[in-house]
Amino acid sequence: MAAGLESTLDVWVTFPSLGDFARFAQNYKGRFTKHVRDGYETVKAGRGDEVSVDGEVGDIQKLVRRARKSGANIRCMLGGNGAQEAAALKALGANVIFIGGIFPNQMIRLSLKSRRFFEGVDFSFAHTSKRYNPISFILQARGTNRYILCEGRGRRIDQLRPYMQKMPSLLKQILDKYGGLDMVNLVGWHVLFANGINDRDFRLVEGIIRKIRDVVDSPLFTDAGGLAAFSGREKHLLCRIYSMFDILSVNEDEVLQVSRALGGETGDEFQAMRNILNSPGRLSTIWLHSLDYQASLSTKYGRELLERAQVAAAAAGVYRVERGVYPTLQDLVKRGRIKDYSKKGLMIAKEAVDKYAGKVGDAKLVVIPCYRARNFMSTVGAGDVAAAAYTYTITGGDIRNLNF
């Protein structure tokens, strides 16, 4: 499997409780007062978001030092949607090739646990840069979602544009080396275009994906991201990029945003999934993941495979939340046997069956509850780790004994 597009160093700034985060937000006076307060209000509401702060690392590091003095725990972890998926796929036993940007000066700052599986990935086709040191600062409290201050120079389109133009030929070289690809996961477009997307770059991406399809016949997977910082036109362009793929991953907030950006009536989340699936493009499957439940709407894959993929994804996601590391196949099997489901997820799954009877339009709908977290490290990377398990299962990965 090939995975990309970007990587970074994540700095987790974790307050002991939401109340501690609230007190820090109230007392903090500095360059990022608005971001800190917006971050608190966002995670208080149970949501997550990401904003670009390119060129502001020095001031953010001052913020982190003040947070540490206020009781926050600070940890350096592997970051970036593509990097997280690559590491998680490797942990599950997949052969993984990274296609995108990596930054050795940042990677050496990771803990051994964080970089263990990532270092086993094939980087011979990646873009390596020692000039840039992208870094994301994750504001969170125990048990909450996260708010990301992203300094992403080096993993933005201006730096990766020349590399991306070569991606179809690189994939051809990968095929020559490995003989085939089960899936190509190109994720994190909202990060690549965090400083804005224009018609020129949309056409560039459109051309690249068209050429990729001329080279590989495997499914293309991507994810949506936080769209709050984009204009209406930029949201529409990003969502048109999503529509060029076969499988799109969304969370419960993103599914509504993407549906609206594509001009569809929103309705509930399952109607929004149908709107996205029916938009012009190549999409055959929408996968929605949340802390409480997961849902797949597909015109391509069978119900049993979709259910198995979601069970694996649910086990992987909760394992990441509980431990902050990447689960192996054995870890998934063990975690999947503990059937402590979210009560909200059980209710949503039952309501979906009662209302839709397993179909929305011509597409199959599969909804399952997620597992309740018994411990909490962070929600950071949970969606990416779950996506790795989902796509690994869809491609025929050897995930057994996870019967829902």
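Residues numbered from 1 in each chain as written. Predicted model: local features only at pLDDT ≥ 70, side-chain atom pairs only at ≥ 80, totals over all residues. Heavy atoms only, no water.

1. Topic: the overall build of the chain
Within the chain, the secondary structure is distributed over 17 helices and 16 strands. Over its C-alpha trace the chain gives a radius of gyration of 20 Å, about what one expects of a compact globule, namely 22 Å for 404 residues. For the chain, the C-alpha atoms occupy an extent of roughly 55 × 50 × 45 Å along the three principal directions. By the burial criterion, 61% of the 404 residues in the chain qualify as buried. (Helix = DSSP H or I, 4+ residues; strand = E, 2+ residues; numbered from the N terminus. Rg over C-alpha atoms; globule rule 2.2 N^0.38 Å. Buried < 20%, exposed > 50% of the residue type's maximum accessible area, 1.4 Å probe, protein only.)

2. Points about the packing of helix H14 (residues 303-323) against helix H17 (residues 382-394)
Contact pair H14 / H17: the axes reach a minimum separation of 7 Å and the direction vectors enclose 150°. The angle between the axes of H14 and H17 places the two elements in the roughly antiparallel class. As H14 runs across H17, the sense of the crossing is right-handed. On the side of H14, the interface is formed by Leu305, Leu306, Arg308, Ala309, Gln310, Ala312, Ala313, Ala316, Gly317, Arg320 and Val321, while H17 contributes Ala382, Val385, Ala386, Ala389, Tyr390, Thr393 and Ile394. When the residues that make up the contact of H14 with H17 are grouped by side-chain class, the tally is 13 nonpolar, three polar and two charged. (Axes fitted to C-alpha atoms, helices over the stretch in contact; angles between N-to-C directions. Parallel < 35°, antiparallel > 145°, perpendicular 65-115°, else oblique. Left-handed = near helix turned anticlockwise from the far one by under 90°. Contact = heavy atoms within 4.5 Å. Nonpolar A, V, L, I, M, F, W, Y, C, P; charged D, E, K, R; others polar.)

3. Here's the deal with helix H3 (residues 57-69)
With 13 residues, H3 extends 19 Å between its outermost C-alpha atoms, agreeing within 8% with the 18 Å of an ideal straight helix rising 1.5 Å per residue. For H3, the set of buried residues is Ile60, Leu63, Val64 and Ala67. Buried positions in H3, seen along its axis, are confined to an arc of 100° and lie on one side of it. Buried-residue contacts for H3 involve strand E2 (8-15), helix H1 (18-27), helix H2 (33-44), strand E4 (73-79), strand E8 (135-141) and strand E9 (146-151). Backbone geometry just downstream of H3 places Gly71 in the positive-phi region, at approximately 105°. (Expected span 1.5 Å × (residues − 1). Arc of directions from axis to C-beta.)

4. Description of the state of the cysteines
One pass over the structure, following the stated rule, counts zero disulfides. The thiol of Cys76 is not disulfide-bonded; the next cysteine sulfur, from Cys150, is found 15 Å away. (Disulfide = S-S within 2.5 Å.)

5. Considerations on the sheet that holds strand E1 (residues 2-4)
Read across the sheet, nine strands follow the order E5-E1-E10-E11-E12-E13-E14-E16-E15 without closing on themselves; strand pairing throughout is mixed. The sheet is open, and its two edges are formed by strand E5 (97-98) and strand E15 (359-360), each paired on a single side. Pairing of strand E10 (residues 184-186) with strand E11 (residues 220-223) involves two bridges; the strand directions are parallel. The residue of E11 that forms the bridge with Val184 is Leu220. Relative to strand E16 (residues 363-369), H14 is tilted by about 30°, and along the sheet it contacts strand E13 (285-289), strand E14 (293-298), E15 and E16. Packing against the sheet, H17 makes contact with E10, E11, strand E12 (247-250), E13 and E14, and its axis sits at approximately 140° to E13. (Pairing = 2+ DSSP bridges.)

6. Remarks on the sheet that holds E9
Strands sit in the order E3-E9-E8-E2-E4 across an open sheet of five strands; the sheet is mixed. A strand with exactly one partner marks an edge of an open sheet, and here the two such strands are strand E3 (49-52) and E4. Averaged over neighbouring strand pairs, the angle between their axes works out to 20° when direction is ignored. In terms of strand pairing, E2 meets E4 through seven bridges, oriented antiparallel. In the sheet register, Val11 faces E4, and the bridge partner there is Cys76. Taken strand by strand, helix H4 (residues 81-92) contacts E2 and E4, and its axis lies near 80° from that of E4.

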